[in-house]
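# Remarks on the overall topology
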Amino acid sequence: MPAAAALALAILVAACASSPAHRLSLDNTFSNVGPEKTPWRTVAVLPFGGDPAMRRTAAEWFAHRLRAHGIVDVVAPAFAEIALRRKGAPPPGDEGYSPDGARRAGEALEAGGVVFGKMSTPDVSKGPFERPAVSATLLDVASGRVVADVLRPVDFLARDSYGNPLAAAVDNAVAGFLPAVYPGAGKTAPPRPAPAPADD
């Protein structure tokens, strides 16, 4: 193996080893489907905590992408922030909302579900390949139950349709939430398309 190829491979392995791993956990027992359930009409996306250079962009894009699926009405973080301030609710700290604080904010906004999250800042003391990551949690306001939790590192080689790696990470986080948003809204998720048949 040429020295340049070996060096490139070593750099790639080091980058993967030092970066946060993708994580997705879903509560598959949660559902608002049924006659005695109250489906979510609205999900509020609260302002994210963490890295001040990226947190507002990440939260607003999260709300935009969730709204694009048309499952529920979505309260954007900027609107949530203004509405909560008018109600006298305390603002979150730099770390963002706790689960209890997010639930109270969701109640004040009369939302069925609430999303709160954080943009992590790369810890360069762990190595030069540390990446920022977006983490988000979806909580059922009525019960206080966490129904989805996701962590997506920003992959600077990945791009969304606008060429933005942060937006691509948020898009992946939103996609991970959809199996929890559909039952929260009292809806059945559409079936996934069947894989294309293999060529013989």
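These numbers come from a predicted model, not from an experiment. (Residues numbered from 1 in each chain as written. Predicted model: local features only at pLDDT ≥ 70, side-chain atom pairs only at ≥ 80, totals over all residues. Heavy atoms only, no water.)

## Focus: the packing of helix 2 (residues 55-68) against helix 5 (residues 165-184)
- Packing of helix 2 against helix 5 leaves a shortest axis separation of 9 Å and a crossing angle of 45 degrees. If you check the angle between helix 2 and helix 5, you find them oblique. Considering only the axes of helix 2 and helix 5, their crossing is right-handed. Of helix 5, the residues touching helix 2 (which contributes T57, A58, W61, F62, R65 and L66) are L166, A167, V170, D171, A173, V174, F177, L178 and V181.
- Each residue belonging to the contact of helix 2 with helix 5 can be placed in one class, and the counts come to twelve nonpolar, one polar and two charged. (Axes fitted to C-alpha atoms, helices over the stretch in contact; angles between N-to-C directions. Helix = DSSP H or I, 4+ residues; strand = E, 2+ residues; numbered from the N terminus. Parallel < 35°, antiparallel > 145°, perpendicular 65-115°, else oblique. Left-handed = near helix turned anticlockwise from the far one by under 90°. Contact = heavy atoms within 4.5 Å. Nonpolar A, V, L, I, M, F, W, Y, C, P; charged D, E, K, R; others polar.)

## Some details on the nonpolar core
- By size, the foremost hydrophobic cluster in this structure holds 35 residues, and its most contacted members are F48, F62, V115, L138 and F177.
- Among the elements of the structure, strand 2 (42-45), helix 2, strand 5 (113-120), strand 6 (133-140), strand 7 (145-153) and helix 5 are those that each provide at least two residues to this core.
- Those residues in contact with L138 that sit more than four places away from it in its chain are W40, V43, V114, V115, R145, V146, V147, A148, F177, A180 and V181.
- By size, the runner-up hydrophobic cluster in this structure holds 15 residues, among which are V75, A83, A102 and F116. (Core = buried A, V, L, I, M, F, W, Y, C linked by side-chain atoms within 4.5 Å. Buried < 20%, exposed > 50% of the residue type's maximum accessible area, 1.4 Å probe, protein only.)

## Points about the confidence of the model for the protein
- Mean pLDDT over the protein works out to 82, with 77% of the residues at or above the 70 mark.
- Per-residue pLDDT stays below 50 along residues 6-18; that stretch engages in eight contacts with residues further than four places along the chain or on separate chains. (pLDDT = per-residue confidence, 0-100.)

## Things to note about the pairing of strand 5
- Counted residue by residue, strand 5 has six buried out of eight residues, so it is predominantly covered.
- Where strand 3 (residues 49-50) lies against strand 5, two bridges are found, and the strand directions are parallel. Looking across to strand 5, one finds that G49 is bridged to K118.
- By the bridge criterion, eight bridges tie strand 5 to strand 6 in an arrangement that is antiparallel. Bridge assignment links G117 to a residue of strand 6, and that residue is A136. (Pairing = 2+ DSSP bridges.)

## A closer look at the packing of helix 2 against helix 3 (residues 77-86)
- With their axes 8 Å apart at the nearest point, helix 2 and helix 3 run at an angle of 105 degrees to one another. In terms of orientation, helix 2 and helix 3 fall into the roughly perpendicular class. Contacts between helix 2 and helix 3 pair R56, A59, E60 and A63 from the former with P77, A78 and E81 from the latter.
- Within the contact of helix 2 with helix 3, the residues separate by chemical class into four nonpolar, no polar and three charged.

## A closer look at the side chain of D149
- Locating D149 in the fold gives a position in strand 7.
- A residue is classified by how much of its surface remains accessible, and D149, at 17% relative accessible area, is buried.
- A polar atom in the side chain of D149 sits 2.7 Å from the side chain of R23.
- For D149, the side chain forms a polar contact with the side chain of T137, separated by 2.6 Å.
- Leaving out residues up to four positions away in the same chain, D149 has contacts with R23, L24, S25, A136, T137 and F177. (Polar contact = N/O pair within 3.5 Å; in protein donor to acceptor, adjacent residues only side chain to side chain.)

## Concerning unusual backbone geometry
- At E110, a residue that is not glycine, the phi angle is positive and equals roughly 55 degrees.
- Counting through the fold element by element, E110 comes out in the loop between helix 4 (99-108) and strand 5.

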